[in-house]
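The residues making up each chain are set out below.
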Amino acid sequence: MISFLEYNMIKLNTFFSADFLAAPLRMVYDALVSVMDFIMHPLQNLVGVRGMAYIFVLPNLLIFGIFILFPMLLNFYYAFTGGSRLFPQDRPFVGLDNLNRLFTCQDFLSPNTCREDLFWRAATNTVTFVFLQVALLVLVSLVTALILNRNIQARGFFRSVFFYPVLLSPVVVALIWKWILQQDGVLNAIIVSLGGEKLPFLISADWARFWVIVISVWAQMGFYTLILLAGLQSIPGELYEAASMDGAGAVQAFRAITIPLLMPTMLVVLVLSLIRAVQAFDQVFAFTGGGPGTATTYMVQYIFTVGFASPAREFGLAAAASLVMAAVLLLLTAGQLRLGRTSNLA
Amino acid sequence: MLNFLTNTRGKTRLTLADMATYLYLLLGTLLMFGPIIWLVVSSFKDRNELLRFPPRFLPYQQETVVVPGYDEPLQLFTVTFEDGTTRQMAQVRRVGIEAQMVDPAQPDEIVKVNINQRQPVESVRFSLDNYATGVTRFNFWQYLANSIIVTVAATALTLLVNSMAAFALSKYEFRGRETIFGLTIGTLMVPISVILIPVYLVITEIGWNNNLIGVIVPGAATPTGVFLLRQYMLTIPDELLDSARIDGASEWRIYLQIILPLARPALAVLAIFSVMWRWNDFLWPLIVLSRTELFTLQVGLNSFQGDLQTQWELILAMTVLTLLPITVVFAFLQRFITTGIATTGMK
């Protein structure tokens, strides 16, 4: 993997060989360096070369510690305390109450019987979404990558075509599709002109779930296509030549060469897309707002609603739900890394 | 048939598989660009045209004429009379199924016709009215400024702290190095949505709530950036650093004048990532910013669509304006962006 990375970096290097720091800019930069060195040099004399290493990691480590590591630990505290106050000292310890509340159900298969029915609705919605979205996303990305990997004209152009929606913000993507799918929208117009009837795309729960999946695949597939394409292009062409000389057909070559050699890349794609799917929020939030009803309310929206958007502001409950989600993410990642290690390819 | 599943190089004839390939690509292009083109074209239509079902592709607008004796411009129609003749006339007012029309050439003579006898005179016009109204109603410039401040400041901060850390992690031996690197990579999979509540507390304690700094700083220590830059810096030969040290350069000078210029390609990739993340970021700004004058474009656009349920003409125009900057950047850098992402495989 590293050598592949390095190889491409060299390509990037040649691409960027045009010196974008023109001479005057360079002079300003050098002057700035000298001024800063006026402070940094004595500092180095003070702490030594090795000490400078700590100074270099310090800013990143501080931000990382304060805004990622410390909150991770603090999340446990929140999950085990109650009340609606934000500051930790105002929050009474309630033990496992929050987790208990989430997991109080008469029948785990029907959310209506649960104390926190919204949590279970969000959980089941998320599971269905993750399963279908990832499957469709990986399939579409793989087919597109295979097609782009053929000996085609204007590959760069088509690669960019499929990639462009990746750059669009979730809110923009949601609005583009809302406009197309609304009751008097262009898709319904096409259906009517073909002799059909208007369909309740944004009103019916099943249609809303369907479109949430389709739209997220539309918006993300270009990214995974790119990764898979890079994986395909790193497979040496001689392998296919050798296979065809040995009389192997296209299907055989695909099964014996493409699939096994693409496995590590597939694994990366699977891990990344799964983690993103579990966290689905912004696009869906702007698209359906979680509705109709609670049909497209997923885990992150549940956390957001309970913690920030409801008047009660139940931070403890939201933190407990975060813990559950983090545990699921950890299991998924660990499981996939294990899968990768046993196949000895990742 | 299944030939298209494998690599086929050096073919000269267009096979069935090739045709299937181009058909797929054509369809794909339509599916990818179609929705965006529809958005852009729709954003130029006026309210009446947007409410029309079935919709027309191009933005039509009814023509108007100024008739002497009337203050407002009047809508122009083609009127068909019983004897089969047609005349272009302006509508003065409509009463029930009857319309009072006037010939612009003879402004004094009013003719009453049935409304079914008249057809609007229309022409294709890409009107910027929606944009003009939207920009004032939506507070566009304020949101744009906020988005630019957040994106630029956050990207600069990310590049600085990540490259410093990557330099230390790739070029020095020191205690705790492996731990720090391990922790950084370990949290690659910790999304902000999992630690929403406690990060919000930290921000509130510091007093960065409702402050753009609160949006900028927390996401700056990106594991992706540290990893990407470290891998790249590992390929820079140590001898370069040693010879600079012999010349008396300080470690800080080595970082700024040797490492950073050499790591430019990796920095460029990270910069593109960072701009993309920050420009499109939604959940975190939504939580930190509750005062409307601090909204970024994304948060503003979302609240705009909530406020104006059905005023699609404004929403569409504002959506186009929001996607415009990133589209322009992509148009110029697309080759570099796609190669960069294929190389690092991260987002």
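This one's a predicted model, so the numbers in the text were calculated from it and none came from an experiment.

Colleague: Can you walk me through the overall build of chain A in this structure?
Modeller: When helices and strands are tallied, chain A shows 13 helices and zero strands. When the helices and strands of chain A are listed from N to C terminus, the series reads α-α-α-α-α-α-α-α-α-α-α-α-α. Relative to the globule expectation of 20 Å for 346 residues, the C-alpha radius of gyration of chain A, 26 Å, shows a markedly less compact shape. For chain A, the spread of C-alpha atoms along the three principal axes comes to 70 × 65 × 45 Å. Relative to its full complement of 346 residues, chain A shows a buried share of 39%.

Colleague: How should I be thinking about the overall build of chain B in this particular structure?
Modeller: For chain B, the helix and strand inventory stands at 14 helices and eight strands. Its C-alpha atoms give chain B a radius of gyration of 30 Å, clearly above 20 Å, the size a compact globule of 347 residues would have. The principal-axis extents of the C-alpha atoms in chain B amount to approximately 100 × 65 × 40 Å. Per-residue burial over chain B gives 40% buried out of 347 residues.

Colleague: Teacher, can you tell me more about unusual backbone geometry here?
Modeller: Excluding glycine, most residues fall at negative phi; most peptide bonds, likewise, are trans. The residue Ala154 of chain A is not glycine, and still its phi comes out positive at about 55 degrees. By the secondary structure assignment, Ala154 of chain A is in the loop between α4 (117-148) and α5 (155-167). Positive phi is not limited to glycine here, since Asn210 of chain B has a value of about 60 degrees. In this fold, Asn210 of chain B is placed in the loop between α6 (196-206) and α7 (212-216).

Colleague: For this particular structure, what's the right way to read the interface of chain A and chain B?
Modeller: As a measure of interface size, the accessible area lost when the parts come together is often cited. Contact residues are listed per partner, giving 100 residues for chain A and 97 residues for chain B. Examining the composition of the side of chain A that touches chain B, we find that 27 residues originate from one element, helix α2 (residues 23-79) of chain A, more than from any other. The residue inventory of the side of chain A that touches chain B, partitioned by class, reads 73 nonpolar, 19 polar and eight charged.

Colleague: I would appreciate a short explanation of the domain arrangement of chain A in the present structure.
Modeller: Per the domain assignment, the segments of chain A are domain 1 (24-71) and domain 2 (99-342). Centre-to-centre, using C-alpha coordinates, domain 1 of chain A lies 41 Å away from domain 2 of chain A.

Colleague: What exactly am I supposed to notice about the pairing of strand β3 (residues 74-80) of chain B here?
Modeller: Working note: regular strand, side chains alternate between the two faces of the sheet. All names here are of chain B. When strand β2 (residues 64-65) meets β3, the two strands line up antiparallel, connected through two bridges. Bridge assignment links Thr64 to a residue of β3, and that residue is Gln75. In this sheet, strand β4 (residues 86-95) lies alongside β3 in antiparallel orientation, the contact comprising five bridges. Counterpart to Leu76 in the pairing with β4 is Ala90. The hairpin turn running from β3 into β4, its antiparallel successor, is five residues long, and Gly84 in that turn takes a positive phi close to 95 degrees.

Colleague: I keep staring at the domain arrangement of chain B and nothing clicks. Help me out?
Modeller: According to the domain assignment, chain B contains domain 1 (2-42), domain 2 (64-120) and domain 3 (131-344). Just the C-alpha atoms count here: the centres of domain 2 of chain B and domain 3 of chain B sit 59 Å apart.

Colleague: Help me understand the nonpolar core, please; the structure alone is not making it clear to me.
Modeller: For soluble globular proteins, the rule of thumb is that nonpolar side chains tend to be buried together. Counting 161 residues, the largest nonpolar core has Phe56, Trp177, Met299, Ile303 and Ala321 of chain A together with Ala165 and Leu229 of chain B as its most contacted members. If you tally residues by element for this core, the top one is helix α8 (residues 205-233) of chain A, at 16 residues. The residues touching Phe56 of chain A, leaving out its near neighbours within four places in the chain, are Met164, Ala165, Phe167, Ala168 and Tyr255 of chain B.

Colleague: Can you help me understand the environment of Leu157 of chain B in this one?
Modeller: Residue and element names in this part refer to chain B. Position of Leu157 relative to the elements: it lies in helix α4 (residues 140-171). Separated by 60 residues in sequence, Leu157 and Val217 have C-alpha atoms that sit 7.8 Å apart. If sequence neighbours within four positions are ignored, Leu157 has contacts with Ile216, Val217 and Ala220.

Colleague: Even after reading the chapter, I still don't get the environment of Met32 of chain B, so can you show me in this structure?
Modeller: By secondary structure assignment, the location of Met32 of chain B is in helix α1 (residues 16-42). Classification of Met32 of chain B as partly exposed rests on a count of 19 C-beta atoms within 10 Å. Discounting chain neighbours no more than four positions away, the residues touching Met32 of chain B are Val161, Phe162, Tyr164 and Pro165 of chain A.

Colleague: I would appreciate a short explanation of the confidence of the model for chain B in the present structure.
Modeller: Low pLDDT marks stretches whose predicted atomic positions should not be read closely. Residues and elements named next belong to chain B. Summarising the model, chain B shows a mean pLDDT of 84, and 93% of its residues fall at 70 or more. Low confidence marks residues 5-9, where pLDDT is under 50. Its contacts with residues over four positions away, or in another chain, come to 17 contacts. Per the prediction output, this complex has pTM 0.83; the corresponding ipTM is 0.82.

Colleague: Please explain helix α6 (residues 170-181) of chain A as it appears in this structure.
Modeller: All names here are of chain A. In this model, α6 (twelve residues) spans 16 Å end to end at C-alpha, consistent with the 16 Å of a helix rising 1.5 Å per residue. By the criterion of burial, α6 is predominantly enclosed, with twelve of the twelve residues buried. Looking only at α6, the buried set comprises Pro170, Val171, Val172, Val173, Ala174, Leu175, Ile176, Trp177, Lys178, Trp179, Ile180 and Leu181.

Colleague: Looking at this structure, I do not really get the packing of α2 of chain A against α6 of chain B. What am I missing?
Modeller: At a minimum axis distance of 7 Å, the contact between α2 of chain A and α6 of chain B shows a crossing angle of 115 degrees. The handedness of the crossing between α2 of chain A and α6 of chain B is right-handed. In this structure, α2 of chain A uses Ile66, Phe67, Phe70, Pro71, Leu74, Asn75 and Tyr78 of chain A to contact α6 of chain B, whose residues at the interface are Ile197, Pro198, Val199, Leu201 and Val202 of chain B. When grouped by side-chain class, the residues that make up the contact of α2 of chain A with α6 of chain B number eleven nonpolar, one polar and no charged.

Conventions we followed
- Residues numbered from 1 in each chain as written.
- Chains lettered and ligands numbered in written order.
- Predicted model: local features only at pLDDT ≥ 70, side-chain atom pairs only at ≥ 80, totals over all residues.
- Helix = DSSP H or I, 4+ residues; strand = E, 2+ residues; numbered from the N terminus.
- Rg over C-alpha atoms; globule rule 2.2 N^0.38 Å.
- Buried ≥ 20, exposed ≤ 12 C-beta atoms within 10 Å, placed from the backbone.
- Contact = placed C-beta atoms within 7 Å.
- Nonpolar A, V, L, I, M, F, W, Y, C, P; charged D, E, K, R; others polar.
- Domains from an automatic or database assignment.
- Pairing = 2+ DSSP bridges.
- Core = buried A, V, L, I, M, F, W, Y, C linked by C-beta atoms within 7 Å.
- pLDDT = per-residue confidence, 0-100.
- Expected span 1.5 Å × (residues − 1).
- Axes fitted to C-alpha atoms, helices over the stretch in contact; angles between N-to-C directions.
- Left-handed = near helix turned anticlockwise from the far one by under 90°.

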